[in-house]
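Analysis of the macromolecular model
Here is how the chains run, residue by residue.
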Amino acid sequence: MLDVEAVQTYYGDSHILHGVSLTVAPGEAVALLGRNGVGKTTLIRSIVGFTPPRAGIVRFHGREIQRWPAYRIAREGVGLVPQGRRIFAPLSVTENLELGARGGAAAVGRRDNVYALFPRLRERAAQGGGTLSGGEQQMLAIGRALMTDPRLLLLDEPSEGLAPIIVREIGRVLVRLKGEGLSILLVEQNVPLALRVADRVYVMSKGQIVYHGSPADLDANEDVKRRFLGIS
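Read on for an overview of the structure.

Procedures and definitions
- Residues numbered from 1 in each chain as written.
- Predicted model: local features only at pLDDT ≥ 70, side-chain atom pairs only at ≥ 80, totals over all residues.
- Heavy atoms only, no water.
- Helix = DSSP H or I, 4+ residues; strand = E, 2+ residues; numbered from the N terminus.
- Rg over C-alpha atoms; globule rule 2.2 N^0.38 Å.
- Buried < 20%, exposed > 50% of the residue type's maximum accessible area, 1.4 Å probe, protein only.
- Contact = heavy atoms within 4.5 Å.
- Lys, Arg positive; Asp, Glu negative; His and termini not counted.
- Charge placed at Lys NZ, Arg CZ, Asp CG, Glu CD.
- Core = buried A, V, L, I, M, F, W, Y, C linked by side-chain atoms within 4.5 Å.
- Pairing = 2+ DSSP bridges.
- Axes fitted to C-alpha atoms, helices over the stretch in contact; angles between N-to-C directions.

1. So, the overall build of the protein
- On a plain count of helices and strands, the protein comes out with 10 helices and 10 strands.
- At 17 Å, the protein has a C-alpha radius of gyration in line with the 17 Å of a compact globule built from 232 residues.
- Here the protein holds 232 residues, and the buried ones make up 51% of them.
- If you take every contact in the protein between residues at least 6 apart in sequence, the share linking residues at least 24 apart comes to 66%.
- The averaged location of the 23 negative side-chain charges in the protein is 2 Å from the averaged location of its 29 positive side-chain charges.

2. A short note on the nonpolar core
- Counting residues in each nonpolar core, the largest one holds 33 residues, and the members touching the most others are L153, L177 and I184.
- Taken together, the elements giving at least two residues each to this core come down to α3 (93–99), α4 (106–117), α6 (134–146), β7 (152–156), α7 (164–179), β8 (183–188) and α8 (191–197).
- Once residues lying within four places of it in the same chain are set aside, the contact partners of L177 are L117, L146, L153, L182 and I184.
- If you look at the next biggest cluster of nonpolar residues, it comprises 27 residues, including L2, V58, V78 and L152.

3. A look at the sheet that holds strand β1 (residues 2–11)
- One open sheet accounts for 4 strands, arranged β2-β1-β4-β5; its pairing is antiparallel. The sheet is open, and its two edges are formed by β2 (14–24) and β5 (63–64), each paired on a single side.
- Direction of pairing for strand β4 (residues 55–60) relative to β5: antiparallel, over a ladder of 2 bridges. Each bridged residue has a counterpart across the sheet, and for R59 the counterpart in β5 is E64.
- Sheet strands in contact with helix α1 (residues 40–48) are β1, β2 and β4, and its direction is about 110° off that of β1.

4. Considering the sheet that holds strand β9 (residues 200–205)
- Within the open sheet, the 6 strands sit side by side as β6-β7-β8-β3-β9-β10. Their pairing is mixed. Each having just a single partner strand, β6 (78–81) and β10 (208–213) make up the two edges of the open sheet. Recorded for the sheet is a direction-independent mean angle of 20° between the axes of neighbouring strands.
- Direction of pairing for β9 relative to β10: antiparallel, over a ladder of 5 bridges. Residue M204 lies in a different strand from β10, and its bridge partner there is I209.
- Seen against the sheet, α6 touches β6 and β7 and runs at an angle of roughly 170° to β6.

The structure is reproduced here in C-alpha cells:
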C-alpha cells in the first residue's frame with residue numbers, strides 16, 4: 001500500500017529526515033512512535049506532498065508519488081488527520097464533513113458511516129465546529145478524512161491533549177476501521193494507544209528509524225522504550 005524508501009527531507013538548509021524507510025501493507029495498521037521534534041510530522045508531510053523529499057521514493061500502490069502535488073495524492077486515496085485537528089471553526093459539523101466529501105450521492109452514505117462511528121457528531125450536526133470539545137473536534141477531523149473515501153489513513157498525534165476516555169474511544173474506532181480493511185499509519189506519542197492499534201511499530205529518533213518490530217516486542221524492550229520514548 002505505502003512504501004517509503006530512503007527519504008531525505010529538509011526545511012531550508014535544515015536536514016530533518018535522514019534516509020527514512022517504512023512500509024504499510026494493505027489492511028495493516030502501522031504506528032510511528034518517537035519524542036517531540038524527531039521528524040514524525042515531517043515524514044507525514046513528505047508522504048502527502050506538503051514538504052516533498054529532496055531524495056528518496058514514496059510509493060503508493062506501486063506508483064511513485066513523491067513529486068505529486070498534495071491534491072493529487074489526496075485524490076489517489078490518501079486521507080490525512082492533521083496534528084492540531086484544523087477543523088473549520090465557523091462551519092457546522094455537517095459542513096466540515098461535506099468539505100471532505102467525494103463521490104456525490106455516495107458521500108451521503110459515508111456521512112452516515114461517520115455518524116455511526118461517532119454518534120456525538122450526529123447529535124451536534126448543526127453545531128459550529130469551534131464550539132465542540134477537543135475530543136469532539138478530533139472525532140470531526142477523523143470523520144472529515146473518512147469522507148474522502150481513503151485507502152490509506154494517516155493520523156498525526158490524534159490523542160494529543162485528549163482525556164483518557166476519549167483516547168480509548170479513538171482507539172476503538174481505529175481498531176474497527178482496521179478490521180474493515182482500511183490501511184492506517186498512526187503517528188503517536190501515546191504508546192499504549194499505538195500498541196493497541198498497530199500490527200507493526202517503528203520508532204524514530206533524530207530523523208532516523210531506530211527500531212522496527214511487533215507491538216509485543218517493543219513492549220518487552222525496556223532499552224528502546226527508555227532511550228527513545230522516555231518510558232522508564
